[in-house]
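The primary structure of each chain is shown beneath.
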Amino acid sequence: MDGVTASTLLGEAFEMAYAQLVCDYRVEYVYKNTIASSMVFGRHSPDTASAVLELAAGDSIADIVVLNGASTAYEIKTDLDQFSRLSQQVADYARCFDKVVVVTSRARAEAALDLVPSAHGVIGIDRRGRMRTYREPTVDESRLDPRLMFRMLRREEYLAILKRTVGFGVDAREGDGWIEARAAFAALPPNIVRHEVLGELRRRGMAIAKVNPSIRLLPKSVRALAYSSRLSRVGFRRLMTRLNQPVSSLAAL
């Protein structure tokens with residue numbers, strides 16, 4: 001890659017490679033990283049906002065969900081993707097999250113506007129990684145489906161919600177515990193479900209920053225990677241050490 005020498009730090013090399021991707025080959029990771037950098041590290045902070053990548057919602061999987069005072073699901077459509085499943089995907093997300101936003105290239109933003117219901121947002125990203133909002137999403141809690149939201153949660157998360165709200169407990173040895181928990185969860189008022197699920201998912205994402213408080217020091221190019229991997233505190237320190245070593249040091253590994 002042009003500009004990389006033996007003395008170039010690995011973190012700097014990542015930044016240079018990422019800049020080239022943004023300009024010439026915007027794969028899905030570029031979009032995910034742009035959203036994580038702009039929303040979690042830019043508009044908000046890892047102390048108050050978090051992100052969860054590849055979160056199942058209904059029959060779809062949200063590329064990235066940003067959680068702060070609200071939950072926003074982002075569906076990414078690069079120039080290499082088709083729009084054939086877009087209607088189904090945003091319909092699934094609308095039943096699980098406060099807001100839904102489609103993120104695509106600026107060249108395809110107008111087409112996305114025509115395909116996506118007016119309640120959902122559309123963002124376009126240009127070849128310099130800049131985001132332009134073509135339409136803001138709106139919030140409608142009435143479309144949320146507690147049954148689908150339950151399926152997004154891990155066992156410890158939905159049990160924590162049920163214990164807080166209705167004092168529900170289940171014997172881990174009972175095979176039908178999941179069925180009982182699902183029924184109890186579905187009976188909760190939708191506004192309680194929305195508040196509780198948002199809190200659990202937000203804590204799930206923020207656990208990464210809690211374990212690795214130096215997450216702000218990561219190069220911008222690898223911020224989304226931090227939310228898609230489960231690095232321990234020791235593993236994170238090793239990563240930071242590697243990123244601050246010259247490329248030539250890799251030959252010794």
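What this report covers is the structure whose coordinates are included nearby.

Criteria and thresholds
Residues numbered from 1 in each chain as written. Predicted model: local features only at pLDDT ≥ 70, side-chain atom pairs only at ≥ 80, totals over all residues. Heavy atoms only, no water. Axes fitted to C-alpha atoms, helices over the stretch in contact; angles between N-to-C directions. Helix = DSSP H or I, 4+ residues; strand = E, 2+ residues; numbered from the N terminus. Parallel < 35°, antiparallel > 145°, perpendicular 65-115°, else oblique. Left-handed = near helix turned anticlockwise from the far one by under 90°. Contact = heavy atoms within 4.5 Å. Nonpolar A, V, L, I, M, F, W, Y, C, P; charged D, E, K, R; others polar. Core = buried A, V, L, I, M, F, W, Y, C linked by side-chain atoms within 4.5 Å. Buried < 20%, exposed > 50% of the residue type's maximum accessible area, 1.4 Å probe, protein only. Phe/Tyr/Trp six-rings, centres within 6.5 Å; stacked < 30°, edge-to-face > 60°. Lys NZ or Arg CZ within 6 Å of the ring centre and 35° of its normal. Pairing = 2+ DSSP bridges. 1 Å grid on protein atoms, 1.4 Å probe; cavity = no way out; pocket = protein on both sides within 12 Å on 5 of 7 lines; lining within 4 Å. Points joined across faces, edges and corners; volume = space filled by probe spheres on them. Right-handed = clockwise from strand over helix to strand, strands pointing away.

## Quick look at the packing of helix α6 (residues 155-166) against helix α7 (residues 177-186)
Then comes step 1: Contact geometry of α6 with α7 gives a least axis separation of 10 Å together with a crossing angle of 50°. Of the possible angle classes, the one that applies to α6 and α7 is oblique. Here α6 and α7 pass one another in a crossing that is left-handed. Between α6 and α7, the residues in contact are Tyr158, Ile161 and Leu162 and Trp178, Ala181, Ala184 and Phe185, respectively.
Then comes step 2: Partitioned by chemical class, the residues of the contact of α6 with α7 number 7 nonpolar, no polar and no charged.

## Some thoughts on the nonpolar core
Then comes step 1: Core analysis: the largest hydrophobic core is formed by 40 residues, its most contacted members being Phe97, Met152, Phe185, Val197 and Leu201.
Then comes step 2: If you look at the next biggest cluster of nonpolar residues, it comprises 28 residues, including Ile76, Val222, Tyr227 and Phe236.

## Quick word on the packing of aromatic side chains
Then comes step 1: As enumerated under the stated definition, the model contains 6 aromatic pairs in all.
Then comes step 2: With 6.4 Å between their ring centres and 85° between their planes, Tyr18 and Tyr29 make a pair best called edge-to-face. Placement of Tyr18 in helix α1 (residues 10-24) and of Tyr29 in helix α2 (residues 28-43) is noted, with a sequence separation of 11 residues between them.
Then comes step 3: The structure contains a cluster of three or more aromatic residues connected by ring pairs, namely Phe150, Tyr158, Trp178 and Phe185.
Then comes step 4: The ring of Phe83 has Arg108 lying over it, and the distance from NZ or CZ to the ring centre is 4.1 Å.
Then comes step 5: The residue whose ring lies beneath Arg223 is Phe41, and the NZ or CZ to ring-centre distance is 4.2 Å.

## Regarding the sheet that holds strand β6 (residues 131-135)
Then comes step 1: Taken in spatial order, the 6 strands make up an open sheet running β1-β2-β3-β4-β5-β6, and their pairing is mixed. Edge positions in the open sheet fall to β1 (50-57) and β6, since each of these has one partner strand only. Strand-to-strand twist in this sheet, taken as the mean axis angle between neighbours without regard to direction, amounts to 30°.
Then comes step 2: Sheet topology note: the strand β5 (residues 121-125)/β6 ladder contains 4 bridges and is antiparallel. Looking at β6, one finds that Ile125 is bridged to Met131.
Then comes step 3: On top of the sheet, helix α8 (residues 190-211) reaches β1, β2 (60-67) and β3 (71-77); it is set at about 120° to β1, its chief contact.

## Remarks on the layout of surface pockets
Then comes step 1: Taken as a whole, the largest pocket spans an internal volume of roughly 450 Å³.
Then comes step 2: Lining the largest pocket are 21 residues, and of these Arg154, Arg204, Gly205, Ile208 and Arg230 lie nearest its centre.
Then comes step 3: Looking at the lining of the largest pocket, the elements with two or more residues in it are β1, α6, α8 and α9 (223-228).
Then comes step 4: In terms of residues, the lining of the largest pocket owes the most to one element, α8, which gives 7 residues.
Then comes step 5: Along the lines of polarity and charge, the residues of the lining of the largest pocket split into 9 nonpolar, 4 polar and 8 charged.

## Regarding empty space enclosed by the protein
Then comes step 1: In this structure the tally under the stated criterion is 1 cavity of 30 Å³ or more.
Then comes step 2: Computed from the structure, the largest cavity encloses a volume of approximately 50 Å³.
Then comes step 3: In terms of residues, the lining of the largest cavity owes the most to one element, α8, which gives 4 residues.
Then comes step 4: Its residues placed into classes, the lining of the largest cavity shows 7 nonpolar, 1 polar and 2 charged.

## Points about the pairing of strand β4 (residues 99-105)
Then comes step 1: Extensive coverage of β4 is indicated by the burial of 6 of its 7 residues.
Then comes step 2: Here 6 bridges tie β3 to β4, and the two strands are oriented parallel to one another. Across the sheet, Ile76 pairs through a bridge with Val103, a residue of β4.
Then comes step 3: Regarding the hand of the β-α-β motif, the stretch spanning β3, helix α3 (residues 86-94) and β4 is right-handed.
Then comes step 4: For β4 and β5, the ladder comprises 5 bridges, and the chain directions are parallel. Bridge pairing in β5 links Ser105 to Ile125.
Then comes step 5: Crossover handedness for the path β4 to helix α4 (residues 109-115) to β5: right-handed.

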